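Structural overview for review
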Amino acid sequence: MAEKKELTRRDAVKVAGAATLAGVAATQFGKAPAILKARAATNAVNYGMVGTGSRGTYLLKHLKGIDTGNCVAICDLTDDALGKAQQTIGGNPKRYKDYRELLADKNVEAVFVTTPLFMHFPVTKDALDAGKHVFCEKSLVFKPEEVHALRALATSKPKQVLQTGLQRRYSAMYQAARQMIEKGMLGEVTYVQAQWHRNPGWKMKDVPNKKMANWRLFREYSGGLVAELASHQIDVADRMLGMTPEAVMGLGSQDFMHDGRDILDNVQLIYKYPKGRRLVWTGIPTSSHWAGVGGARTEMGEIICGTKGAIHITIGDDNNKPIGMWFREPTPPPTAADAKKTGKKEAFKAGATMVASAGSRPLPILLSKDLMTGQESFLEKEMKFARMWLYQKGILVPEEDRNPVDIELESFFRDVRTSGHPLADLEVGLQDSIAVILSNIALDEGRTVYFNEMEKLGKGGATPAKPAAKPAVKKG
Ligand SMILES: NC(=O)c1ccc[n+]([C@@H]2O[C@H](COP(=O)([O-])OP(=O)(O)OC[C@H]3O[C@@H](n4cnc5c(N)ncnc54)[C@H](O)[C@@H]3O)[C@@H](O)[C@H]2O)c1
């Protein structure tokens, strides 16, 4: 291309800088574009939120910038959580301490369920029965019987939207990775390695009502590391491999965090998928190093391996944007189609080699905004080309303009208004919960658990968990 030769690095920086600034001005990561705000829905969905703790408040912070939803009610057991939620969302939502009263509020059309895991099913069930649309955080349900009960209930109410809070499904970076796989750019994808490592792991909060405030650390309320962390990444593996697991085995123990908790803190799991595919997941509390993306990010991420290449990918948050890098396989074996074309069989390889062949240079995953459509104006083409040039030099990495959390929330309201179908729907949420439930059985019983065991598990009927008692009034 003539343009390629003429463009210097300095020009590229200028142009791409302008492009980035224009993009930021238009969308401001985490905020709705001004143009969207301007047509602020008179038809906004009136929603309530049950459980306004850490995640609930985080979602409210994002919901504040989304005009297609209108917070009319909040519910939590504690005044502190209610106060923080009210401060975050502003306005004058009604405050409830009993979620059943919020569900009886006719003004509430949709409900966010952001309670601890053991309360997901009771609140979601009652919300669906009350005719509400539901956005429930992952992991969707806690017990085997809840899988069957929620499937039956939600499918009997097809007009009500049920979305699970698996935000990676709404990430442009993860969507681009999936498209690369669909186009065959990774060859046959056979293996996913995923980790969520922290140093240290979750700490026990020393507060009144200690057990409830630290619900994640107690099996009575929580599915531990698998429910809270692995659930996101099992869903990534299912999506990238295009299938769900057949069996899981693993090793789990409590080795490092001895403070009264009863969940495992050191967990390794292997998932067997059809056709020899595997996911290996690890969760430890003694190191946060992640070898993906050149060690540039810590804690969590996935490495998706195929016969022609691999992708290292990790989600972002409000402060760190997602990163996706693509590594081409240095010497990919010829496929059956290649062999047919050349008439050659696979090249001879010695049984033992002294040095492995050099790895490939990482290439950034291009998002749809970076791809040439042929419809660009001259300036847009220049900007895209400049960005591409900078990506290849490693000066810039492609970044999502919007936090997937904003996209999942907007998408929920849109689906409510248009009878749309969520990307993270009932079945996505249930498959994820099934994997979490069976993984914990595999860890506890030290055996291989087959996914078809789920058909029999919990068929006795769901007994909803009892809401935790209201905290005792502090004396003095
Ligand atoms: N998608 C994600 O990335 C993500 C991230 C963090 C948490 N989560 C999920 O969000 C959920 C909440 O986690 P968290 O970190 O906010 O926990 P948290 O303990 O900070 O908040 C939970 C809140 O629910 C309230 N609550 C408990 N029982 C209730 C009831 N019966 N009625 C009303 N309120 C009740 C508690 O008082 C508390 O304020 C969990 O399921 C968790 O897995 C998802």
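If you're wondering where the values come from, they're calculated on a predicted model, not measured in any experiment.

Counting secondary structure elements, the chain contains 15 helices and 15 strands. The burial tally for the chain puts 43% of its 476 residues in the buried class. In the chain, of all internal contacts separated by at least 6 residues, the share reaching a separation of at least 24 is 73%.

Once that is clear, we can look at the site of the ligand. Neighbouring the ligand are 26 residues; G51, G53, S54, R55 and E137 lie closest to it. Of the residues that constitute the shell around the ligand, the class distribution is 11 nonpolar, 10 polar and five charged. Of the domains in this structure, domain 1 (34-167 + 419-427) and domain 2 (168-343 + 356-365 + 428-476) are the two that each give at least three residues to the shell around the ligand.

Next up on the list: helix α11 (residues 224-241). An ideal rise of 1.5 Å per residue puts 26 Å on 18 residues; α11 measures up with 25 Å between its terminal C-alpha atoms. Roughly 60 degrees is the biggest bend found in α11, and it falls at A230. Counting buried positions along α11 gives 17 out of 18 residues, so the element sits mostly inside the fold. With its phi angle positive at about 70 degrees, G242 sits one or two positions after the end of α11.

A word on the sheet that holds strand β5 (residues 133-137). Backbone hydrogen bonds hold the strands of a sheet together, and the pairing may be parallel or antiparallel. Overall, parallel pairing links the six strands, which are arranged β3-β2-β1-β4-β5-β6 in an open sheet. Every other strand in the sheet has two partners, leaving β3 (94-96) and β6 (162-165) as the edge strands with one partner each. Averaged over all pairs of adjacent strands, the angle between strand axes in this sheet comes to 25 degrees, irrespective of strand direction. For strand β1 (residues 45-50) and strand β4 (residues 110-113), the ladder comprises four bridges, and the chain directions are parallel.

This next bit is on helix α4 (residues 54-63). Those residues of α4 that sit buried are G56, T57, L59, L60, H62 and L63. Against the buried residues of α4 lie β1, β2 (69-75), α5 (79-89), β4 and α14 (404-418).

Before going further, it helps to spend a moment on unusual backbone geometry. Residue K138 is joined to S139 through a cis peptide bond whose omega torsion reads -10 degrees. On the secondary structure map, S139 appears in the loop between β5 and α8 (144-155). Of note, the phi angle at N209 is positive, near 55 degrees, even though the residue is not glycine. Summarising the element assignment, N209 is placed in the loop between β7 (189-196) and α10 (210-213). For N209, a count of 15 C-beta atoms within 10 Å gives the class partly exposed. Here K275, not a glycine, exhibits a phi torsion of approximately 55 degrees, which is positive. The residue K275 is located in the loop between β9 (266-272) and β10 (278-283) in this model. K275 gets classed as exposed once you count the C-beta atoms within 10 Å, which come to 9.

Along strand β8 (residues 247-253), the buried face is formed by V248, G250 and G252; none of A247, M249, L251 and S253, which line the opposite face, is buried. Across seven bridges, the pairing between β8 and β9 is antiparallel. When the sheet's bridge partners are listed, L251 is paired in β9 with Q268. Two strands pair when backbone bridges link them, and β8 and strand β15 (residues 449-450) are joined in this way by two bridges, in the antiparallel orientation. Each bridged residue has a counterpart across the sheet, and for V248 the counterpart in β15 is V449.

To continue, consider the confidence of the model for the chain. Detailed reading of the predicted model is not advised wherever pLDDT is low. When pLDDT is averaged along the chain, the result is 86; 82% of the residues meet or exceed 70. Across residues 1-40, where pLDDT falls below 50, the model places 40 contacts with residues more than four positions away in sequence or in other chains. Scored below 50 in pLDDT, residues 347-355 makes zero contacts in the model with residues more than four places away or belonging to other chains.

The next thing to look at is the nonpolar core. Counting 103 residues, the largest nonpolar core has Y47, V50, V111, A177, M240 and I304 as its most contacted members. No other element matches the 10 residues that α11 contributes to this core. Those residues within four positions of V111 in sequence are excluded, and the remaining contacts are Y47, G48, V50, A127, K132 and V134.

Here the focus is the sheet that holds strand β14 (residues 363-364). Taken in spatial order, the nine strands line up as β14-β13-β12-β11-β7-β10-β9-β8-β15 in an open sheet, and their pairing is mixed. This sheet does not close on itself; its edge strands, each paired only once, are β14 and β15. Alignment of β7 against strand β11 (residues 300-306), held across seven bridges, turns out to be antiparallel. Bridging across to β11, Y191 finds its partner in C305. Across the sheet, α11 is in contact with β7, β9, β10 and β11; its angle to β7 comes to roughly 160 degrees. Its contacts with the sheet put helix α15 (residues 426-445) on β8, β9 and β15, and the angle it makes with β8 is roughly 55 degrees.

What counts and what doesn't
Residues numbered from 1 in each chain as written. Predicted model: local features only at pLDDT ≥ 70, side-chain atom pairs only at ≥ 80, totals over all residues. Helix = DSSP H or I, 4+ residues; strand = E, 2+ residues; numbered from the N terminus. Buried ≥ 20, exposed ≤ 12 C-beta atoms within 10 Å, placed from the backbone. Contact = placed C-beta atoms within 7 Å. Near = placed C-beta within 6 Å. Nonpolar A, V, L, I, M, F, W, Y, C, P; charged D, E, K, R; others polar. Domains from an automatic or database assignment. Expected span 1.5 Å × (residues − 1). Bend = angle between axes of the 7 residues up to and from the residue. Pairing = 2+ DSSP bridges. Axes fitted to C-alpha atoms, helices over the stretch in contact; angles between N-to-C directions. pLDDT = per-residue confidence, 0-100. Core = buried A, V, L, I, M, F, W, Y, C linked by C-beta atoms within 7 Å.

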